[in-house]
Amino acid sequence: MSGPRHDVQSPARQAGSTKERRTQVKPTMAKSGSRKKLPKEVAVINADNCTGCEACLEVCPVDCIYKVPGDTISVLQSWCEIDVERCVGCEVCVHIPTKKSDPYELTVCPWDAIEMVPTVEVAQYVAAKGGPPDYLYENWDRLVVPAQRMAELAAS
Ligand code: SF4
Ligand code: SF4
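Residues numbered from 1 in each chain as written. Chains lettered and ligands numbered in written order. Predicted model: local features only at pLDDT ≥ 70, side-chain atom pairs only at ≥ 80, totals over all residues.

**Student:** Tell me about the overall build of the protein chain, and please be specific about residues and values.
**Tutor:** Helices and strands together make up the secondary structure of the protein chain, namely five helices and six strands. When the helices and strands of the protein chain are placed in sequence order, the string is α-β-α-β-β-β-β-β-α-α-α. A separation of at least 24 residues holds for 75% of the contacts in the protein chain among residues at least 6 apart in sequence. (Helix = DSSP H or I, 4+ residues; strand = E, 2+ residues; numbered from the N terminus. Contact = placed C-beta atoms within 7 Å.)

So, in structure tokens, the structure goes:
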């Protein structure tokens, strides 16, 4: 069975621009190899809210949260991003599991910057919230394309 496609067009395509995209020397985030089962949801960081405090980075069991390289937009505050292809959807970066009887939820991010989003919609979220427009444009192939690939796999 094949599901709906969740194409997210790059800013260049949306604008119909012929401007040549600058190449990136940064490594791609995704590691090679496929996993057996995709999570129903994965974590995405809203860069607007993130201060780069690294609290989430410390708790992720699969080390898939990264500090954004500061060389591109060094004048702005730093933030973190998630390699969605490696995220296992455990939610530990959103809240620490507690006993069911415990009324207090231990949240990790002090700025509520992390959202669990349906895997089939992850590309739209990354394209909308993964960083400033210029940053996303520069890093489209590294950030949005893998998210789109994952969304398509989840929808298939
Ligand atoms: S949901 Fe789990 S695997 Fe994904 S980024 Fe958060 S802590 Fe890491
Ligand atoms: S805990 Fe929140 S503010 Fe801190 S780096 Fe992670 S997403 Fe950003």
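**Student:** So what about the site of ligand 2? Which residues, and what values?
**Tutor:** The environment of ligand 2 is made up of 15 residues, and the closest members are C50, C53, A55, C56 and C109. Partitioned by chemical class, the residues of the shell around ligand 2 number 12 nonpolar, two polar and one charged. (Near = placed C-beta within 6 Å. Nonpolar A, V, L, I, M, F, W, Y, C, P; charged D, E, K, R; others polar.)

**Student:** Please provide a residue-by-residue account of the site of ligand 1, values included.
**Tutor:** Neighbouring ligand 1 are 13 residues, the closest being A43, C60, C87, C90 and C93. Counted by class, the shell around ligand 1 contains 11 nonpolar, one polar and one charged residues.

**Student:** So what's going on with unusual backbone geometry? Residues and values would help.
**Tutor:** Of note in this structure, E91 is not a glycine but carries a positive phi near 70°. Looking at where E91 falls in the secondary structure, it is placed in the loop between β3 (80-82) and β4 (95-96). The phi dihedral of D112 falls on the positive side, at around 50°, and the residue is not glycine. Under the C-beta neighbour-count criterion, D112 is labelled exposed, with 12 such atoms within 10 Å. (Buried ≥ 20, exposed ≤ 12 C-beta atoms within 10 Å, placed from the backbone.)

**Student:** Outline the nonpolar core, listing residues and values.
**Tutor:** If you look at the biggest cluster of nonpolar residues, it comprises 37 residues, and the most contacted ones within it are V44, I45, V84, V122, V126, V144 and A147. Listing elements by their share of this core, those giving two or more residues are β1 (41-45), β3, β6 (114-118), α3 (122-129) and α5 (140-155). If one sorts the elements of this core by residue count, α5 sits on top with six residues. With near-sequence residues (within four places) excluded, I45 lies in contact with C50, W79, C80, E81, I82, A113 and I114. (Core = buried A, V, L, I, M, F, W, Y, C linked by C-beta atoms within 7 Å.)

**Student:** Explain the confidence of the model for the protein chain to me, and be specific about the residues and the numbers.
**Tutor:** Chain-level pLDDT for the protein chain is 80 on average; 72% of the residues reach the 70-or-more range. Scored below 50 in pLDDT, residues 15-32 makes 18 contacts in the model with residues more than four places away or belonging to other chains. (pLDDT = per-residue confidence, 0-100.)

**Student:** With reference to specific residues and values, describe α3.
**Tutor:** Listing the buried residues of α3 in full gives V122, A123, Y125, V126 and A127. The elements touched by buried residues of α3 are β1, β6, α4 (133-138) and α5.

**Student:** Any details on the environment of Y66? Residues and values, ideally.
**Tutor:** With respect to the helices and strands, Y66 occurs in strand β2 (residues 65-67). Separated by 14 residues in the primary sequence, Y66 and G52 place their C-alpha atoms 9.4 Å from one another.

**Student:** Kindly report on the packing of α3 against α5, identifying the contributing residues and their values.
**Tutor:** At their nearest, the axes of α3 and α5 sit 7 Å apart, and the two run at 160° to each other. As the angle between them shows, α3 and α5 are arranged roughly antiparallel. As for the relative orientation of α3 and α5, their crossing is right-handed in sense. Judged by residue contacts, V122, A123, V126 and A127 of α3 engage L143, V144, A147, Q148, M150 and A151 from α5. (Axes fitted to C-alpha atoms, helices over the stretch in contact; angles between N-to-C directions. Parallel < 35°, antiparallel > 145°, perpendicular 65-115°, else oblique. Left-handed = near helix turned anticlockwise from the far one by under 90°.)

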